There are 2 protein chains.
Amino acid sequence: MKKLINQPENSLNEMLIGMAKAYPDYLTRLDNTNVLVRKNLTEQKVAVVSGGGSGHEPTHAGYIGQGMLDAAVAGDIFTSPTPDQIYEAIKAVDRGKGVLLVVKNYSGDVMNFDMAKEMAEMEGIAVEQVIVNDDVAVEDSTFTTGRRGIAGTVLIHKIAGAAAERGWDLQKVKETAEKAIKSIHSMGMALSPCIVPSAGKPNFTLAEDEVEIGTGIHGEPGTHREKIKSADEITQELFDKIQADAPIQSGDDVALMVNGMGATPLMELYIVNNKAHDLLVSLGAHIHRTFVGEFMTSIEMAGMSLTVLKLDDQLKSLLDDAADTPALKVIKK
Amino acid sequence: MKKLINQPENSLNEMLIGMAKAYPDYLTRLDNTNVLVRKNLTEQKVAVVSGGGSGHEPTHAGYIGQGMLDAAVAGDIFTSPTPDQIYEAIKAVDRGKGVLLVVKNYSGDVMNFDMAKEMAEMEGIAVEQVIVNDDVAVEDSTFTTGRRGIAGTVLIHKIAGAAAERGWDLQKVKETAEKAIKSIHSMGMALSPCIVPSAGKPNFTLAEDEVEIGTGIHGEPGTHREKIKSADEITQELFDKIQADAPIQSGDDVALMVNGMGATPLMELYIVNNKAHDLLVSLGAHIHRTFVGEFMTSIEMAGMSLTVLKLDDQLKSLLDDAADTPALKVIKK
């Protein structure tokens, strides 16, 4: 294991301290927790909280700031955060207008966020929860019943965050996030595994000429393995599966995300975007906004995922609202 | 070689098309060239042009936009762009106030940018050039006489771009960039090599427990190889070399950049930032702004570099000016 770390068991803590030191204007760490909280909490708006296992940076805390998240709860690497930590996050950011939890669909996350929601409700805090399950690759998986939540979650943070920032009430923010979740579909693939520091060895193995299609963000199995093909062919394969699930019609407005899993160079992501863009355009879609980069990673896994989000006028407008976070900034034109 | 590419020889072209498709509001490709140009060129300001070999994404074209670059010239992977392409970039962006070229100190880049400068001057365009040589690791290297230009160059783009955006004249923009270049110092290290697609094999080899200190952004040799140590010890080692070269004094204002080389997870960069931050603070420095992420990569090399830029009031203010580019956005407070 060749990593820039100190003691493996200190990696999460040192990462959180390192983040707080990097972005003092954006976020601060809640004492005695693995919760990072937005620095200048806006009064009189719904708070948006997300979180989950670590190892997916910049997800989740990288999206704390204006127009996105108010707090992020960091579990251990590839491990759900505990209910008490989620509860602390909810308490820290509630300003009386309630809290929306954005949860990726993993059994541990769903259970723990749900318990924290109940704890907060007993304290009189209004809490709602949305579950993101954008991954079309497989139904039920190593850590999931139903479909997994992957990189599309970042666009749900953007939309829910923008809705909250506009001052909408908890019910409307939740309904808007749920509408976006119904319209978002993703699928990923891997060229190489990654190593969880405390495990010290790769989480799966692939032959030198092999890729896995449909891999999850913790290395969970996908649909199948195959000999590596060209970037265009792999992009087409992921796209076809998304298209089979949620067909794009001519005239649709969409957002497109090409997400790098950690070790894949930006050069390759742009090559994938070249093809993904053409596939959407060939169906008559209009690409309203494109995101290319590392938005939700799997430590140093090589690979990528595609996300297509169908947009109505409301979602377009929310996506275009200003956002100012360490990992994603949108400057409103 | 396991990469998301099509034909290796088409990678550069497909990457440039993929970038142009991702950011239609920011940049456009100049016909029949590997030059990307800012979409809405501002009249009546000095233009700032950079470029160099590809494989360092988001450098260079990722920094095209308000407050940074007006054009970026892409050479083949790890290869200097040709003078005629640089000349086309200069002609495309000059608005009568002249053009500043920001060049990293590699012999091929310096020679070709110089030839393009002469070609443009013969056409009556005022052109000035600054050479970035922030890498304190070695004097003279595989492709360099003197010191190499590495990730600190991105902050020179920021400062020169902000100066130009303020409407300053060519001489003042150049002098400001040169002042910043004198104040910026970087050093990198590698945990693994990378593969240039057309070569198909790693550009160097390292043992399983070995790292190289002082490696350049094309895998050029550094100062030495050693057994891997902790992140804190490696950070200290790079920092000590920078500090020996350009001592930080108590009370200094600085910008700090922790740059990932391609395959190093953000988690590890934050762990490095935790230590680098403490080292600066222990010397009495004030960290005005921190940049953690992949700013100048070496395809999929694992490793990182540290950059320390000493700031006077003018440089602080230029760094804080608004920037709106695909890869770096600064929202002015």
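Reading the values: rules and limits
- All residue numbers refer to positions counted from 1 along the written sequence of the respective chain.
- All chains are assigned letters beginning at A, and all ligands numbers beginning at 1, according to the order in which they are written.
- Confidence filtering applies because this is a predicted model: local features only for residues at pLDDT of at least 70, side-chain atom pairs given and counted only at 80 or more, and all residues used for totals across whole chains, interfaces and linings.
- Excluded from the side-chain calculations are hydrogens and water; all other atoms, namely the structure's heavy atoms, are used.
- Any two strands with at least two DSSP bridges between them are considered paired.
- Helix numbering and strand numbering both begin at the N terminus, where a helix is a DSSP run of H or I of at least 4 residues and a strand a DSSP run of E of at least 2.
- To get an axis, fit a line to the C-alpha atoms, keeping to the stretch in contact for a helix; angles then go from 0 to 180 degrees between the N-to-C directions.
- Contacts are assigned to residue pairs with any non-hydrogen atoms lying within 4.5 Å of each other.
- Stacked, tilted and edge-to-face pairs are distinguished by plane angle, under 30 degrees for stacked and over 60 for edge-to-face with tilted covering the rest, among Phe, Tyr and Trp rings (Trp via its six-membered ring) whose centres lie within 6.5 Å.
- Each residue's exposure class comes from its accessible area (1.4 Å probe, protein chains only) as a fraction of the maximum for that residue type: buried when under 20%, exposed when over 50%, partly exposed otherwise.
- Lysine NZ or arginine CZ positioned within 6 Å of the ring centre and within 35 degrees of the ring normal marks a charge as sitting over the ring.

A. View of the sheet that holds strand 5 (residues 99-104) of chain A. Residue and element names in this part refer to chain A. Strand order in this open sheet of six strands is 1-2-4-3-5-6, and the pairing throughout is mixed. Two strands close off the open sheet at either side, each with one partner strand: strand 1 (27-29) and strand 6 (127-132). Adjacent strand axes in the sheet meet at a mean angle of 20 degrees when their direction is disregarded. Across three bridges, strand 1 lies against strand 2 (residues 35-38) in antiparallel orientation. Looking at the pairing, L27 lines up with R38 of strand 2. In this fold helix 1 (residues 11-22) packs onto strand 1, strand 2, strand 3 (47-54) and strand 4 (71-77), with an angle of close to 145 degrees to the strand it touches most, strand 1.

B. The packing of aromatic side chains, seen in detail. Scanning the model with the defined rule gives six aromatic pairs over all chains in all. A ring pair is formed by Y23(A) and Y270(B), whose centres lie 6.1 Å apart and whose planes are at 75 degrees; its orientation type is edge-to-face. Taken together, the residues Y23(A) in the loop between helix 1 and strand 1 and Y270(B) in helix 7 (residues 266-282) connect one chain to another. As far as burial versus exposure is concerned, Y23(A) and Y270(B) are alike and both buried. Where F291(A) meets F295(A), the ring centres are 6.2 Å apart and the plane angle is 85 degrees; that geometry is what we call edge-to-face. When sorted by exposure, F291(A) lands in the same class as F295(A), which is buried. Linked through ring pairs, Y23(A), Y26(A) and Y270(B) together constitute an aromatic cluster. If you follow K172(A) out to its NZ or CZ, it ends over the ring of W168(A), 3.9 Å from the centre.

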